[in-house]
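Reading the structure
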Amino acid sequence: MMQPNIDMLYDLAGVGVGPFNMSLAVLLTKIPNINSVFFDKKPKFIWHEGMLLPEAHLQVSFLKDLVTLVDPTNPYSFLAFLAKEKRLYQFLIADFAHVYRGEFNQYLTWVSSSLPNLHFNDAVIDIDFVKDKFIIQTENKKIASKHIVLGSGIQPNIPLWAQTKLGTKCFHNHSLMYQQHDWHNKRVVVIGGGQSGAEIMQTLLADKTNLPSELSWISSRRQFLPLDDSPFVNEYFIPSYMEKFHSSSRNFRDENLLEQKLASDGISMHLLKSIYQRIYKLIHIDGADIEINLLPDHEVTDLVGHSIGFETVFKNLSLNTIRHLNVDIVILCTGYRSAIPDYLDKIKHRIAINDAQYIVNRDYSIAWDGPAKNAIYVQNAARHSHGIADPNLSLMALRSATIINSLVGNKFYDIENEKSAINWQQVYPEYVNEDIAYVE
Ligand SMILES: Cc1cc2nc3c(=O)[nH]c(=O)nc-3n(C[C@H](O)[C@H](O)[C@H](O)COP(=O)(O)OP(=O)(O)OC[C@H]3O[C@@H](n4cnc5c(N)ncnc54)[C@H](O)[C@@H]3O)c2cc1C
């Protein structure tokens, strides 16, 4: 790995080396004369380590890797990884409906060790803008760059009632694999009915020798609902829909995001089935010593800590009745939230922030009052402006290519006019995007 040059003015400096900035870094390798550097605080790449569960699968096609959807011949595709590992034929024969997250992590880890400009173990602690450049202070060095790209991810969402209770017995699912767990004879509650909650349920039910005595699964959704993975709904994850979405009114976008929730936040159908079958087998065939309470349509309102555990207070949303449940372990599968990172403190006052969100232009640069020739690009911070695909792998390569085209000022990557079954231009009315109008 090359050490970053502290005397050089980089074209682009990136914060974070998750899949999104890694996709950008890979697609940048084809661009001559662009000097880029990326920093990550982790000692080495690992993809959502605390949720790298043995049975977890990708929720999208493996073709939605770092590069393929904009540059199918790129040497850093998932298929290129399999070919390098000499397991392409076996992969084909295995005929996985869904690739293991563990295997996708292997692929990402390989890419992370192949690029010389990705620097781990070096957190960005501060970014300033001085005269005509960004000054990026990491734990180990200070560098300068014309543009920056923020790819430091999103944060676990901890409900207010849990914030003072966090510890080894009450934790967010993102840290599940950081410690060994003994569930035996414990009363466990899993709070949250999305994909993470379901993956945790699957994990808790997997080992017959380490089953909780009582396992409750609480969700405020009416049911444990599947991911809507149907063909026309999947057009929300293609470029022309994203373009239409971005040029729509704020109200339209907000309403659509609510309506489309299950297209991104539902539970994979095969996982729902596997949990259902596992419960059936444990109860009816194995006669396992476990009590399972499935509680959709309930919302946790409080968590009271006791010397020997917690009292979960929750409400039946249809009956409006309050219930109580005593448990030993609480697992919060309560999602993730965006936050303006602390490392932006020095320039935050120069950035336009609306309802705690950036105002994101079509090319993923954000509105700020600095010179137009110095851009701040964002990854995974544009769901409100670019649609439900934004936090997902689906448009990752397209977003990277869009940022690159903006950076170099030409259409290096040919990403226009991708076909769709639905003519999105015709379907929805045209608006002037008032957020963008605000920027101008
Ligand atoms: C458990 C899980 C499973 C998912 N599975 C899928 C899936 O199957 N399909 C799909 O489409 N999407 C999936 N997603 C959504 C999305 O694809 C991933 O969250 C993806 O990892 C997002 O990439 P990212 O680069 O934005 O963020 P992250 O992967 O979170 O990476 C951000 C990086 O920034 C670093 N960082 C943070 N602060 C700093 C700092 N100050 N300085 C330096 N580095 C910093 C972190 O160490 C981290 O490595 C999943 C999400 C989760 C949480």
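Note: the structure precedes this text.
Scoring rules and cut-offs
Residues numbered from 1 in each chain as written. Predicted model: local features only at pLDDT ≥ 70, side-chain atom pairs only at ≥ 80, totals over all residues. Heavy atoms only, no water. Near = heavy atom within 4 Å. Polar contact = N/O pair within 3.5 Å; in protein donor to acceptor, adjacent residues only side chain to side chain. Areas by Shrake-Rupley, 256 points an atom, 1.4 Å probe, with all protein chains shown as cover. Nonpolar A, V, L, I, M, F, W, Y, C, P; charged D, E, K, R; others polar. Salt bridge = Lys/Arg side-chain N within 4 Å of Asp/Glu carboxyl O. Helix = DSSP H or I, 4+ residues; strand = E, 2+ residues; numbered from the N terminus. Buried < 20%, exposed > 50% of the residue type's maximum accessible area, 1.4 Å probe, protein only. Pairing = 2+ DSSP bridges.

1. Re the site of the ligand
- Around the ligand sit 27 residues, and of these Asp 40, Trp 47, His 48, Gln 59 and Leu 393 come closest.
- At 3.4 Å, a backbone N or O of Pro 19 approaches an oxygen atom of the ligand.
- Taking Gln 59, its main chain carries an N or O atom lying 2.7 Å from an oxygen atom of the ligand.
- Notes on the ligand: free accessible area 1,000 Å², of which the protein chains cover 87%.
- Of the residues assigned to the shell around the ligand, the class counts are 14 nonpolar, 9 polar and 4 charged.

2. A closer look at the pattern of salt bridges
- Using the criterion set out here, one finds 20 salt bridges in the structure.
- Linking Asp 122 and Lys 141 is a salt bridge whose minimum nitrogen-to-oxygen distance equals 2.5 Å. Separated by 19 residues along the polypeptide, Asp 122 in the loop between strand 3 (118-119) and strand 4 (124-130) and Lys 141 in the loop between strand 5 (133-138) and strand 6 (142-150) bring together distant segments of the chain. Each member of the pair, Asp 122 as well as Lys 141, is classed as buried.
- In this structure, Asp 297 and Arg 222 form a salt bridge, with 3.3 Å as the shortest nitrogen-oxygen distance. Within this pair, whereas Asp 297 is found in the loop between strand 11 (291-295) and strand 12 (298-306), its partner Arg 222 is found in the loop between strand 10 (214-218) and helix 6 (239-246), the two being separated by 75 residues in sequence.

3. A word on the pairing of strand 5
- With 6 bridges joining them, strand 4 and strand 5 adopt antiparallel strand pairing. Across the sheet, the residue bridging to Asp 126 is Gln 137, located in strand 5.
- Hairpin connection of strand 4 to strand 5: 2 residues between the antiparallel strands, including Lys 131 at a positive phi of 60 degrees.
- One ladder, built from 4 bridges, connects strand 5 with strand 6; its direction is antiparallel.

4. Examining the environment of Arg 250
- Locating Arg 250 in the fold gives a position in helix 7 (residues 250-259).
- On the accessibility criterion, Arg 250 (16% relative accessible area) is buried.
- C-alpha of Arg 250 to C-alpha of His 384: the two residues are 134 residues apart in sequence and 8.3 Å apart in space.
- Within the local environment of Arg 250, its side chain forms a polar contact with the side chain of Asp 355, the two groups lying 2.8 Å apart.

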